[in-house]
Amino acid sequence: MNLIGIDELDKSKISEIFSFSDKFRRGSLHESMLGKKLALFFEKPSTRTRVSFESAMLDMSGSAIYLDSHNLQLSRGETYEDTARTLSSYVDIIAARMYRHEDLKTLAGNSSAPVINALTDMEHPCQALSDFYTIRRHTDSEPASVKLAFIGDTDSNMAHSLALAGAMLGYNICLVGPKQAKPSSHYLNVESFSGSIQFQTDIRKGLKDADFVYTDTYVSMGQESEAESRKKLFAPYQLNARVMSFAKKDAMAMHCLPAHRGEEVTKEVINGENSLIWEQVKNKKIVGGGILAYLASR
Ligand code: CP
Ligand code: NVA
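Chemist: Help me understand the packing of aromatic side chains in this model?
Modeler: If you walk through the whole model with that rule in mind, you get six aromatic pairs. For Lys 23, the ring lying beneath its charged end belongs to Phe 20, and the centroid distance is 4.9 Å.

Chemist: When you look at the site of ligand 1 in this model, what are you seeing that I'm missing?
Modeler: Near ligand 1 you find Ser 46, Thr 47, Arg 48, Thr 49, Arg 97, His 124, Gln 127, Cys 256, Leu 257 and Lys 284, and these make up its full shell. A distance of 2.9 Å is found between a nitrogen atom of ligand 1 and a backbone nitrogen or oxygen belonging to Cys 256. When ligand 1 sits alone it has 250 Å² of accessible area, and the protein chains cover 96% of it. Here ligand 1 is seated within the largest pocket.

Chemist: Could you clarify how one ought to interpret the layout of surface pockets in this entry?
Modeler: Unfilled space is identified by rolling a water-sized probe across the atoms. A volume near 580 Å³ is recorded for the largest pocket. Surrounding the largest pocket, 33 residues form its lining, Leu 119, Asn 157, Thr 217, Ser 220 and Met 221 being those nearest its centre. Where the lining of the largest pocket is concerned, the elements lending two or more residues are α2 (48-59) and α6 (157-169). Looking at the lining of the largest pocket residue by residue, the class counts come to ten nonpolar, 13 polar and ten charged.

Chemist: I would appreciate a short explanation of the pairing of strand β2 (residues 63-68) in the present structure.
Modeler: Both faces of the sheet carry side chains from a regular strand, because those side chains alternate between them. Relative to β2, strand β1 (residues 37-42) is paired through six bridges, and the arrangement is parallel. By the bridge assignment for β2, Leu 38 is matched with Ala 64. In this view, the connection linking β1 to its parallel neighbour β2 by way of α2 has right-handed handedness.

Chemist: Would you mind going over the packing of helix α3 (residues 80-88) against helix α4 (residues 101-109) with me for this structure?
Modeler: What describes two packed helices is the angle between their axes and the distance between those same axes. Remark: α3 packs on α4, axes separated minimally by 8 Å, with the N-to-C direction vectors making an angle of 45 degrees. When the axes of α3 and α4 are compared, the pair comes out oblique. Crossing of α3 against α4: the hand is right-handed. Of the residues in α4, those touching α3 at Tyr 80, Glu 81 and Ala 84 are Asp 103, Thr 106 and Leu 107. Here the residues of the contact of α3 with α4 sort into three nonpolar, one polar and two charged.

Chemist: Sorry if this is basic, but what is going on with the nonpolar core here?
Modeler: A general tendency of soluble globular proteins is for nonpolar side chains to be buried together. Among the nonpolar cores identified, the biggest contains 61 residues, and Leu 38, Ile 116, Leu 129, Phe 132, Leu 148, Ile 291 and Leu 292 are the most heavily contacted of them. No other element matches the nine residues that α6 contributes to this core. Residues within four places of Ile 116 in sequence aside, it is in contact with Leu 3, Phe 53, Ile 93, Ile 94, Ala 95, Ala 96, Cys 126, Ile 291, Leu 292 and Leu 295.

Chemist: Help me out: how do you make sense of the site of ligand 2 in this one?
Modeler: In the vicinity of ligand 2, the contacting residues are Leu 119, His 124, Asn 157, Asp 216, Thr 217, Ser 220, Met 221 and Leu 257. In the environment of ligand 2, a nitrogen atom lies 2.6 Å from a nitrogen or oxygen atom belonging to the side chain of Asp 216. Ser 220 has a polar side-chain atom sitting 2.7 Å from a nitrogen atom of ligand 2. Relative to its unbound accessible surface of 270 Å², ligand 2 loses 95% to contact with the protein. When atom positions are compared with the pocket grids, ligand 2 is found to occupy the largest pocket. In terms of residue class, the shell around ligand 2 is built from three nonpolar, four polar and one charged.

Thresholds, definitions, all that
Residues numbered from 1 in each chain as written. Chains lettered and ligands numbered in written order. Predicted model: local features only at pLDDT ≥ 70, side-chain atom pairs only at ≥ 80, totals over all residues. Heavy atoms only, no water. Phe/Tyr/Trp six-rings, centres within 6.5 Å; stacked < 30°, edge-to-face > 60°. Lys NZ or Arg CZ within 6 Å of the ring centre and 35° of its normal. Near = heavy atom within 4 Å. Polar contact = N/O pair within 3.5 Å; in protein donor to acceptor, adjacent residues only side chain to side chain. Areas by Shrake-Rupley, 256 points an atom, 1.4 Å probe, with all protein chains shown as cover. 1 Å grid on protein atoms, 1.4 Å probe; cavity = no way out; pocket = protein on both sides within 12 Å on 5 of 7 lines; lining within 4 Å. Sits in = over half its atoms within 2 Å of the grid points. Points joined across faces, edges and corners; volume = space filled by probe spheres on them. Helix = DSSP H or I, 4+ residues; strand = E, 2+ residues; numbered from the N terminus. Nonpolar A, V, L, I, M, F, W, Y, C, P; charged D, E, K, R; others polar. Pairing = 2+ DSSP bridges. Right-handed = clockwise from strand over helix to strand, strands pointing away. Axes fitted to C-alpha atoms, helices over the stretch in contact; angles between N-to-C directions. Parallel < 35°, antiparallel > 145°, perpendicular 65-115°, else oblique. Left-handed = near helix turned anticlockwise from the far one by under 90°. Contact = heavy atoms within 4.5 Å. Core = buried A, V, L, I, M, F, W, Y, C linked by side-chain atoms within 4.5 Å. Buried < 20%, exposed > 50% of the residue type's maximum accessible area, 1.4 Å probe, protein only.

Below you can see the structure in the form of structure tokens.
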């Protein structure tokens, strides 16, 4: 089994990942990766995803090998197909951060080891799973009575994965951004899920009754050449104290990081009492460990 996109999962698989995460958090998976090797194949930079996976693997008595794609033969034209066949004959799991989601699918299609999406242009499923683990630990309310509003670049990897994972788990998700960033119907028409996904351009309406307000950068990795126009487009959707006041009084602010203070989020919000950001950071390793243990158990 791979973890390429949220739509390969279902509620019971996510709940299994969360129960492995709980076990990992309690320290009861100490030897579960003994003798196992994880390859961390990265085409883009990473602080949290890379180090949390590596650290989780070590805590479970396994080992991790970091592979910067620039130093592989890929950089000299070797194919993803041959790279996947080769790597998977040496390691037990591959976590890959890639520019193109299609390339990740090619890698997974040619790997004999499970492949984890550690972020592509389309999805960031591990981050979304760990964020709903954080939400679940923060509130006792049933998902059906919890609303998460994502404000900013609503057609980004983060928005896509949060919307799909949230609705799959039964939460009410509202994507709040400019009409140019309305995601495709794949991320909006999810009738088979128990939760809901809406798209809203009006900030007040979108944040009304929100329990959690999430944002992410306006300029994702790989979009640097469009930086100026993207900053202009999304500027009205900055997560600041005024915008937080449209949500519930005790609403919590979330961000996957890295943050750009003064752009998509203000430092008051990110450092404020109602910020869940450092809990997200902690849980990223917990759920990273849970995902690895879950995949290794199948
Ligand atoms: N949130 C996240 O994926 O961070 P990194 O880019 O540092 O891995
Ligand atoms: N949307 C961001 C997420 C970073 C974790 C990016 O792709 O750069």
